[in-house]
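In case you want the letters, here they are:
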Amino acid sequence: MARVLVIDDDATVSEVVVAYLEAAGLEARRAGDGPSGLAAAAAEPPDAVVLDLMLPGIDGLEVCRRLRLERPDLPVVMLTARGEEEDRVLGLEVGADDYVTKPFSPRELVLRLQSVLRRTMRPAPGLVPVAGAGRLADTPAVLADGDLLLDRVAHRATLDGRELSLTAREFDLLAWLLAHPGQAFAREELMRSVWGWEYGDQSTVTVHVRRLREKVELDPSTPTRLVTVFGVGYRWDPVPSPDSAVPSPGSAASADSAGSPHSP
């Protein structure tokens, strides 16, 4: 049974959320402020966190940062009473996997949380489903692109031998793109395939792309792997293999392949 920690200073909201989570078969605990939430997460590590943005003691953004330092792949769904896009984006930038704006439907929150939890479950060895609700395709357990390796079974990604610190959503986004190299996806397509949402704020995708670039690109300001396709969305351009270079006209290799009369 997955353990969910609900950190919210509104007792009524947290009681309703806990009741719905338990009715969905999840184990839920409550904390009423930032410090007690961090203490509860340290004492009994949860499988996911529902986190209010506005908390006494330590606000939700700082709580999320600290949780991420300890467990980069911990799923976090943020609650916010603010409707402005910049506040939602800020929550995503500090590491939230998803957000729900108050007032919200508890049932929707449970569905969003279950979606995040499904993506953190370890699949069976061998051929495993690639990320994407409703679009499951067999793909190798290990995906590679040059010095970048992603192991879906171990839920681990490395770049040049160095392990990447990815959130659950960043990992899923990277897995999806690696499984579909050279294919351009609109933001709404990525939201449907990676997030499992039929609708939602597309800035969620934009923020996750920006965060992922910071971890896989040599220069995130001029990406060469996770590139923008203007007017469409994003595309993963694989690193060219050394043997894929095409000889220039007039080179020795070109002459040989053409059957030059000077060749042996």
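Residues numbered from 1 in each chain as written. Predicted model: local features only at pLDDT ≥ 70, side-chain atom pairs only at ≥ 80, totals over all residues. Heavy atoms only, no water.

K.L.:
Give a detailed account of the sheet that holds strand β2 (residues 27-31), specifying residues and quantitative values.
P.N.:
Spatial strand order, β2-β1-β3-β4-β5: five strands in an open sheet with parallel pairing. Among the strands making up the open sheet, the edge pair consists of β2 and β5 (98-101). On average, each strand axis in the sheet is tilted by 20° relative to the strand beside it, whichever way the strands run. Examined bridge by bridge, strand β1 (residues 3-7) and strand β3 (residues 48-52) share four bridges and lie parallel to one another. (Pairing = 2+ DSSP bridges. Helix = DSSP H or I, 4+ residues; strand = E, 2+ residues; numbered from the N terminus. Axes fitted to C-alpha atoms, helices over the stretch in contact; angles between N-to-C directions.)

K.L.:
If you had to explain helix α1 (residues 11-23) to someone new, which residues and values would you point to?
P.N.:
Here α1 contains 13 residues, and its C-alpha end-to-end distance of 18 Å stays within 8% of the 18 Å for a straight helix at 1.5 Å per residue. Among the residues of α1, those classed as buried are V13, S14, V17, V18 and L21. Take α1 and look down its axis: the buried residues cluster within an arc of 125°, on one side only. Along α1, the residues that are exposed and aim more than 90 degrees away from the buried face are T12 and A23. Near the N-terminus of α1, the side chain that reaches the backbone nitrogen of T12, with its oxygen 3.1 Å away, is that of D10. At the exit of α1 stands G25, carrying a positive phi of roughly 90°. (Expected span 1.5 Å × (residues − 1). Buried < 20%, exposed > 50% of the residue type's maximum accessible area, 1.4 Å probe, protein only. Arc of directions from axis to C-beta. Polar contact = N/O pair within 3.5 Å; in protein donor to acceptor, adjacent residues only side chain to side chain.)

K.L.:
Any chance you could break down unusual backbone geometry for me, citing the residues and the numbers?
P.N.:
Its identity is not glycine, yet H155 carries a phi of approximately 55°, on the positive side. One can find H155 in the loop between β9 (148-151) and β10 (156-159). The backbone phi angle of D160 is positive, close to 55°, even though this residue is not glycine. As for its position among the elements, D160 is in the loop between β10 and β11 (162-163).

K.L.:
Give me the lowdown on the side chain of E217, citing residues and values where you can.
P.N.:
Within the secondary structure layout, E217 lies in the loop between α8 (203-216) and β13 (226-229). Of the side chains bearing the opposite charge, R213 lies closest to the buried E217, which forms no salt bridge; the N-O distance is 5.2 Å. At 3.0 Å, the side chain of E217 forms a polar contact with the backbone nitrogen of T224. Only 2.7 Å separates the side chain of E217 from the backbone nitrogen of L226, close enough to count as a polar contact. In this structure, E217 is in contact with P223, T224, R225 and L226, ignoring residues within four places of it in sequence. (Lys, Arg positive; Asp, Glu negative; His and termini not counted. Salt bridge = Lys/Arg side-chain N within 4 Å of Asp/Glu carboxyl O. Contact = heavy atoms within 4.5 Å.)

K.L.:
Could you give me a rundown of the packing of helix α6 (residues 168-179) against helix α7 (residues 187-195), with the residues and numbers involved?
P.N.:
Where α6 contacts α7, the axes come no closer than 10 Å and their chain directions differ by 110°. Of the possible angle classes, the one that applies to α6 and α7 is roughly perpendicular. Here α6 contributes R169, D172, L173, W176 and L177 to the contact with α7, which in turn contributes L190, S193, V194 and W195. For the contact of α6 with α7, the class distribution of residues is six nonpolar, one polar and two charged. (Parallel < 35°, antiparallel > 145°, perpendicular 65-115°, else oblique. Nonpolar A, V, L, I, M, F, W, Y, C, P; charged D, E, K, R; others polar.)

K.L.:
Describe the nonpolar core, with residues and values.
P.N.:
One finds L150, L173, L174, L177, L190, L212 and W236 to be the most contacted residues of the largest nonpolar core, which totals 26 residues. For this core, the secondary structure elements donating two or more residues are β9, β10, α6, α7, α8 and β14 (233-236). It is α6 that contributes the most residues to this core, seven residues altogether. Membership of the second largest hydrophobic core comes to 24 residues, among which are L5, L61, L67 and V89. (Core = buried A, V, L, I, M, F, W, Y, C linked by side-chain atoms within 4.5 Å.)

K.L.:
Tell me about the sheet that holds β11, and please be specific about residues and values.
P.N.:
Read across the sheet, four strands follow the order β8-β9-β10-β11 without closing on themselves; strand pairing throughout is antiparallel. Where the open sheet ends on each side, the last strands, each with one partner, are β8 (142-145) and β11. Note that β10 and β11 share two bridges and pair antiparallel. Residue pairing across strands places L159 opposite R162, the latter belonging to β11. On the sheet, α6 packs against β8, β9 and β10 and is oriented at approximately 110° with respect to β9.

K.L.:
Residues and numbers for the side chain of R29, please.
P.N.:
Here R29 is to be found in strand β2. A polar contact of 2.7 Å, which involves the side chain of R29, links it to the backbone oxygen of E44. If near-sequence neighbours (up to four positions away) are discounted, R29 is found in contact with V4, L5, V6, V18, A40, E44 and P46.

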